[in-house]
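Letter by letter, the chains look like this.
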Amino acid sequence: MKILLPYMKKYMKYAVLCPILMILEVLADIIVPYLMSRIVDVGIVNQDISYIVKIGLIMVAAALVGMLFGIISSYFGAKAGFGFAAEVRQQTFKKIQGFSFANLDEFTVSSLITRLTNDCNTIGQVAMMSLRMAVRAPFLMLFALIMAFRINASLARIFLIAIPITSIIIYFILNKARPLFFKLQTKVDKVNAIIQENLTNIRVVKSFNRQKFEEKKFEDRNNSLRETALKAISIIILFMPILNIIIYSTIISILWFGGQQVIVGTMGSGELVSFITYITQVLMALMMISFFFMQLLRGSASAGRIAEILNTESEIKEINNPTRDLKDGSIKFENVSFIYPSSKENTLNNINFKIKSGETLGIIGSTGSSKSTLVQLIPRLYDVTEGSVIVGGLDVRNYDIKALRDQVAFVLQKNTLFSGTLRENMQWGNENATDEEIIKALKQAQAWEFVSKYDDKLDTKVEQGGSNFSGGQKQRLTIARALMKSPKIIILDDSTSAVDMTTDAKIQKIFKEELHDVTTIIIAQRISSIQHADRILVMHEGRIESFGDHDSLMKNSSIYREIYESQQKGVVGE
Amino acid sequence: MNKHRQLRPKDPKKTLLRLFSYFKFNKMLFIGGILFIIIGSLAEIGANAMLSPIIDALVVYRDMNLFIRYLLVMGLIVVFIAIGLYYGNLFMAKLAQNTVHKIREDMFSHMEKLPVSYFDSHTHGDLMSTFTNDVDMLNQSLEQSVSQIIISVITVVGTFIMMIILSPILTLIVVSMLVIMFLSIKYIGKKSSSNFRNQQLSLAGMNGYIEEMMSGQKVVKVFNYEDRAIGDFNNKNEELRKASTQAATYGVMLMPIMGNLSFVLYALVSMGGAFLVMKNKMSIGNIASFLQYTRTISRPITQVSNQLNTLFAALAGAERIFNVLDEEIEIDQGDVELAKDCTGKNNLCWNVPVSNGEYEQIPLNGAITIKNLDFGYTPEQIVLKNINLYAKPGQKIAFVGSTGAGKTTITNLINRFYEISDGSIEYDGIDIRRIKKYDLRSTMSIVLQDVHLFEGTIADNIRYGRLDATDEEVIEAAKLANAHYFIKHLPQGYDTVLSADGLNLSQGERQLLSIARAAVADPTILILDEATSSVDTRTEKLISEGMDKLMEGRTTFVIAHRLSTVRDSNAIMVLEQGEIIERGNHDDLMKLKGRYYSLNAGTLELD
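Conventions and cut-offs
Residues numbered from 1 in each chain as written. Chains lettered and ligands numbered in written order. Predicted model: local features only at pLDDT ≥ 70, side-chain atom pairs only at ≥ 80, totals over all residues. Helix = DSSP H or I, 4+ residues; strand = E, 2+ residues; numbered from the N terminus. Rg over C-alpha atoms; globule rule 2.2 N^0.38 Å. Buried ≥ 20, exposed ≤ 12 C-beta atoms within 10 Å, placed from the backbone. Contact = placed C-beta atoms within 7 Å. Nonpolar A, V, L, I, M, F, W, Y, C, P; charged D, E, K, R; others polar. Domains from an automatic or database assignment. Pairing = 2+ DSSP bridges. Axes fitted to C-alpha atoms, helices over the stretch in contact; angles between N-to-C directions. Core = buried A, V, L, I, M, F, W, Y, C linked by C-beta atoms within 7 Å. Parallel < 35°, antiparallel > 145°, perpendicular 65-115°, else oblique. Left-handed = near helix turned anticlockwise from the far one by under 90°. Expected span 1.5 Å × (residues − 1). Bend = angle between axes of the 7 residues up to and from the residue. pLDDT = per-residue confidence, 0-100.

**Quick look at the overall build of chain B**
Right, so step 1: Scanning chain B for helices and strands turns up 18 helices and 15 strands.
Right, so step 2: Here the C-alpha atoms of chain B give a radius of gyration of 35 Å, more than 25% beyond the 25 Å that 2.2 N^0.38 yields for 607 residues.
Right, so step 3: In chain B, buried positions account for 48% of the 607 residues.
Right, so step 4: Across chain B, every contact between residues at least 6 apart in sequence was considered, and the portion connecting residues at least 24 apart equals 75%.

Pasting the structure below:
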């Protein structure tokens, strides 16, 4: 929780005012029982009606003042709490924006979503509650104690026994419950996991007749969840009865010892009554403190998960005075090896090759031969483990990252469009693009032919993830979006797999003719997508199997030949 | 959180009654819990009531013996409070846990019985949220709200009675103050509910945005979109902050308002009481008690009003839970079952009941006949029109055609994920609607394009096809699917634990696993729905031998995007807009120079 405290800064004003006003509210709360004792012991004893009315009105005024402060304080509390949550969310989101691909691989998408939503909300609520309770309870206790000691110091010594006993009991209960609540959370996660799994896998479950099997699995987890929950609860519910025993025991002791003083006449009976009210307040305050600790417990799990994000540093760092301009689009790999942080074996082994600016490079190879990994090193989505990637004559690590990525367009294999209009999606590539520029890119990517048929043209709505477009259409749109950048290098990672051959050929032609000075890298499954490239890399298990043009590879590369033959038997459309 | 989830139940009474029906499994807990809660709260009123005689014994009668006796009685009452509170809460907690446990179990087993169409037409997020948030909310309410409301009602009523006994005049002051309190609760409740709705709306907007951006985060990086994303996020975040602050403000205001109004009440009663004492209409002890009562009567009112929103939300959630439970389950009126030890495939036969309890045995062969089949997911939209085909046992039938042509739909109908409306499908001459679903599906295996794996080891996942498969059979199946090689290279081989849905494997590897899973099941009918689409052509060639072995002797339905997969089929059906427009084997169709031919020449886009 501590690591998040700096984010309260912006709302510090409210975070400070909330408890201060709260103290004023508490003061009003405290004074009321005292005034009541004056009514009984002075007003009634002296039969002084005007005194009673006077004190009574002061009481009402005190309560109203208390209410006013209370309302303002809780308003400030909400402001500070939600402000804090918003600030934490904002900073967490910002941090994620700075994440490298390796960082993103480390956290799953769903865990990032939970952290930004549920965890941030919990933090805000806990902060709000804490602001109120953490201050209110101790002060309530302190003031009530002062009043009690002022009324009757010898009687108030009972607190010296009652408070430590209560604190110890609260401490023990919390201590015992704490690990159980953490355990409970993992049990809940387990139950949720199996539900999620069955939702996505329902067709498999049904086709294999595994309903009973799954129900049994679920039953085990469900039972274990109930068991743990009951264990945790049976400890927590000890709170109230024990607290009640302590409160009433204290009241009885006060009545016993105080009663004797009343009989002797050293204490007013009104004082005794207000004394009892203070006891209740002190012990209630203790209970509030224990609730506060429970809240902290809840918040600390969320805070821990958010801190995990905030403590993650992108390993991709910029040097001082980075270069901003790529001289040209030439690319050279020198002894490049790469290993993913999570894996043990090298993903790329000793890669060496070179292409000139404006050339087209095709990359082909079987699933898992690390084609995507290789091209992701060019715009520094990952950093090499060994060797160097040289773009435009300079190691990529010498460039300003943004400038590098602006000049190297990348069409990802797992690509998405975003909800909004087509125009908005295209403007991802160039914020200030005119409609003419957008249409030009769409034409180059062979997407204008279907976009122009929509009534709304560029204003056509895009659903989340682009779900209202077919696979082939989506691929063409994402290529157009990349072209919007007017890049020096463009990388297409299996980006035309769902596009038919004729259209694919048209795109290739455009790249050759209109975009001939843009260095183009094409990863494909289909030989026809790359066979006319200037150079072709054949990848096999993280190494370059061979490098050359179509004709030489047909002669020298057995893998290339195999792929070629597997696609020739009347099988071209994919 | 979901977009527009209702905050208030539509029919609270019905939902409540149904919820109560769950208590019948725990009658003793329910009755006992309420009993102890009543004991506890009555004892608490009693303890407060004792204050008056105790103080009067001191101040008025100055009788030490009486005082001690009263103190002892009070001590005894306190024991009752503790016992009542403890067991009341314990029983209620157990009741809540048992109820929620049962509801979860019911929901899960009901979910397993729901037809596939349900999952296709509802988002997983919605169902998941019912399972988690709604059940959670219900749990909390059962655990806390129910007992709190009972306690509150008893406390309010009991305290009220005691007040009237002590002083009807002072009670009048209390009542008028309570009316003011109620009015302010109502006012605040009204204010906060519209604010609450605003907050829910901006929260939903925020969550949607987060979901979209996190899913496309890598695209954001590639386009240097970070700063613009931060800006957009900032606006949404600010909006949410304002809405939340506003919604919470009214909520938290309730506490200080109620608390301090009760102090005003306290002051008024003190003044009024003082007058009464002076007129000798009331004793000081009675005032002490009465004042204590004014404190106890306002607390439950605040608490209940605080809980009311939660309670309504919980009931709305319960309503959603019951809606899921009321969903129609899969129809299964089949009377034809599989029988062992006879002459069909895998020594299995269909036991077809004929009149007077007799059975006719038809050997399991794997012949599928589709006759005049029309089908639509909704009555207005026909997906399949007049489909006729016959698959002889052991034949390979392929479906090609663009997305939406109805290829997957046909396979959905063969294993009865969906029910046919017009026409018929016959399995070995028996209408599949007559066959028990369990038995029908136990003779079929399906390999889907989107591979779904389960948490557990690699071996567990392959064994999912047949639970009693031996380790050797599992490895055999993996070899057949060409998965053995990559499995052996995993850190723990076949015992490697897959994270949820096998996220640590590549798409191609997952597909190989699902082929192995289908192989181990040893089905009579095999359905391959884009089973090798994520495997590259070279690897596909490598596994084709295994696939051939897998399909050998089994009736196979193949749906493929990549035409190399379907080339050697006995028959290829070219589907367009739900109709078979071309049929025949590869050579026939190539000669025809129709749709299939142009697909092969690559001049058509399949999507």
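Here the narrative resumes, following the displayed structure.
**Some remarks on the overall build of chain A**
Right, so step 1: When its secondary structure is counted, chain A shows 20 helices and 12 strands.
Right, so step 2: Relative to the 2.2 N^0.38 estimate, which gives 25 Å for 574 residues, the radius of gyration of chain A is 36 Å and therefore markedly larger than a compact globule would have.
Right, so step 3: For chain A, the spread of C-alpha atoms along the principal axes amounts to about 115 × 55 × 50 Å.
Right, so step 4: By the burial criterion, 48% of the 574 residues in chain A qualify as buried.
Right, so step 5: Expressed as a percentage of contacts within chain A between residues at least 6 apart in sequence, the contacts between residues at least 24 apart total 79%.

**Brief notes about the interface of chain A and chain B**
Right, so step 1: Residue-level contacts link 124 residues of chain A with 123 residues of chain B.
Right, so step 2: Examining the composition of the side of chain A that touches chain B, we find that 25 residues originate from one element, helix H2 (residues 49-97) of chain A, more than from any other.
Right, so step 3: Looking at the side of chain A that touches chain B residue by residue, the classes come out as 62 nonpolar, 42 polar and 20 charged.

**Structural notes on the environment of Lys27 of chain B**
Right, so step 1: Looking at the element boundaries, Lys27 of chain B is found in helix H2 (residues 27-61).
Right, so step 2: With 421 residues separating them along the chain, Lys27 of chain B and Leu448 of chain B place their C-alpha atoms 47 Å apart.

**Quick notes on the domain arrangement of chain B**
Right, so step 1: Here chain B is partitioned into domain 1 (3-325) and domain 2 (368-601).
Right, so step 2: Here domain 1 of chain B and domain 2 of chain B have C-alpha centroids that lie 54 Å from each other.

**Considering the sheet that holds strand S13 (residues 555-559) of chain B**
All names here are of chain B.
Right, so step 1: Reading across from one edge, S9-S12-S13-S6-S14-S15 is the order of the six strands in this open sheet, with mixed pairing throughout. Edge positions in the sheet fall to strand S9 (444-447) and strand S15 (579-584), since each of these pairs with one other strand and no more. Each strand axis lies, on average, 15 degrees off the axis of its neighbour in the sheet, ignoring direction.
Right, so step 2: For S9 and strand S12 (residues 525-529), the ladder comprises four bridges, and the chain directions are parallel. If you follow Val447 over to S12, its bridge partner there is Leu528.
Right, so step 3: Sitting on the sheet, helix H10 (residues 407-414) touches strand S6 (396-400), S12, S13 and strand S14 (571-576), and the angle it makes with S13 is about 150 degrees.

**So, unusual backbone geometry**
Right, so step 1: Here the phi dihedral of Gln446 of chain A falls at roughly 60 degrees; this positive angle occurs in a residue that is not glycine.
Right, so step 2: Its place among the elements puts Gln446 of chain A in the loop between helix H14 (435-444) and helix H15 (448-451).
Right, so step 3: Classification of Gln446 of chain A as buried rests on a count of 24 C-beta atoms within 10 Å.
Right, so step 4: Its identity is not glycine, yet Lys593 of chain B carries a phi of approximately 55 degrees, on the positive side.
Right, so step 5: Inspection of the secondary structure puts Lys593 of chain B in the loop between helix H17 (586-592) and helix H18 (595-601).

**A few points about the environment of Ile515 of chain B**
All names here are of chain B.
Right, so step 1: Tracing the backbone shows Ile515 in helix H15 (residues 507-520).
Right, so step 2: Counting along the chain gives 32 residues from Ile515 to Met547, while the straight-line C-alpha distance between them is 8.4 Å.
Right, so step 3: The residues contacting Ile515, other than those within four sequence positions of it, are Val447, Ala481 and Ala531.

**Let's talk about the domain arrangement of chain A**
Right, so step 1: In terms of domains, chain A is made up of domain 1 (5-311) and domain 2 (331-573).
Right, so step 2: Each of domain 1 of chain A and domain 2 of chain A has a C-alpha centre, and the two are 56 Å apart.

**Things to note about the nonpolar core**
Right, so step 1: If you look at the biggest cluster of nonpolar residues, it comprises 261 residues, and the most contacted ones within it are Ala480 and Ile491 of chain A together with Ile54 of chain B.
Right, so step 2: Tallying contributions element by element places helix H8 (residues 226-278) of chain B first for this core, with 22 residues.
Right, so step 3: In this view, Ala480 of chain A contacts Met426, Ala441, Leu442, Gln444, Ala445 and Ala447 of chain A; residues no more than four positions away in its chain are not counted.
Right, so step 4: With 81 residues, the next largest nonpolar core counts Ile432, Ile435, Ile475 and Leu575 of chain B among its residues.

**Quick word on the sheet that holds strand S3 (residues 359-363) of chain B**
All names here are of chain B.
Right, so step 1: Reading across from one edge, S1-S2-S3 is the order of the three strands in this open sheet, with antiparallel pairing throughout. The sheet is open, and its two borders are formed by strand S1 (337-339) and S3, each paired with just one other strand. Each neighbouring strand pair of the sheet contributes to a mean axis angle of 40 degrees, computed without reference to strand direction.
Right, so step 2: Strand direction decides the pairing type here: strand S2 (residues 349-353) and S3, joined by five bridges, are antiparallel. Looking at S3, one finds that Trp350 is bridged to Ile362.

**Describing the environment of Gly66 of chain A**
Right, so step 1: With respect to the helices, strands and loops of the structure, Gly66 of chain A is situated in helix H2.
Right, so step 2: Taking the C-alpha atoms as reference, Gly66 of chain A lies 5.2 Å from Ala28 of chain A; in sequence the two are 38 residues apart.

**A look at the packing of helix H6 (residues 158-200) of chain A against helix H8 (residues 211-236) of chain A**
Residue and element names in this part refer to chain A.
Right, so step 1: Orientation of H6 relative to H8, taken along the N-to-C sense of each, is 160 degrees, at an axis distance of 9 Å. Regarding the angle of H6 to H8, the classification is roughly antiparallel. For H6 against H8, the interelement crossing comes out left-handed.

**Some details on helix H10 (residues 269-310) of chain A**
Right, so step 1: Compared with the 62 Å implied by 1.5 Å per residue over 42 residues, the 59 Å span of H10 of chain A between its first and last C-alpha is a close match.
Right, so step 2: Of all the bends in H10 of chain A, the largest measures some 25 degrees and sits at Gly299 of chain A.

**Focus on the packing of H2 of chain A against H10 of chain A**
All names here are of chain A.
Right, so step 1: One can describe the packing of H2 onto H10 by two numbers: an axis separation of 9 Å at closest approach and a directional angle of 40 degrees. In the crossing of H2 with H10, the sense of the turn from one axis to the other is left-handed. On H10, the residues touching Val88, Thr92, Lys95 and Ile96 of H2 are Ile306, Ile309 and Leu310.
Right, so step 2: Its residues placed into classes, the contact of H2 with H10 shows five nonpolar, one polar and one charged.

**A look at the pairing of strand S4 (residues 368-375) of chain B**
Residue and element names in this part refer to chain B.
Right, so step 1: Alignment of S4 against strand S5 (residues 384-391), held across five bridges, turns out to be antiparallel. If you follow Ile370 over to S5, its bridge partner there is Leu389.
Right, so step 2: Inspection of the sheet shows S4 paired to strand S7 (residues 422-427) by five bridges, in the antiparallel sense. Bridge pairing in S7 links Asp374 to Asp422.

**So, the confidence of the model for chain B**
Residue and element names in this part refer to chain B.
Right, so step 1: Of the residues in chain B, 93% have a pLDDT of 70 or more, and the chain-wide mean is 83.
Right, so step 2: Per-residue pLDDT, averaged within each element of chain B, yields its smallest value for helix H16 (residues 537-551) (74) and its largest for S4 (92).
Right, so step 3: For this predicted complex, the interface confidence score (ipTM) comes to 0.81, while the overall pTM stands at 0.75.

**Re the pairing of strand S12 (residues 543-548) of chain A**
Residue and element names in this part refer to chain A.
Right, so step 1: Looking at chain direction, strand S11 (residues 535-540) and S12 are connected through five bridges and run antiparallel. Residue pairing for S12: Ile536 is matched across the bridge by Gly548.
Right, so step 2: Following S11, the chain reverses through two residues before pairing antiparallel with S12; Glu541 in that reversal takes a positive phi of roughly 45 degrees.

**What about the confidence of the model for chain A?**
Right, so step 1: Summary statistics for chain A give a mean pLDDT of 84 and a share of 98% for residues scoring 70 or more.
Right, so step 2: This stretch, residues 570-574 of chain A, has a pLDDT under 50; its non-local contacts, to residues over four places away or in other chains, come to 24 contacts.

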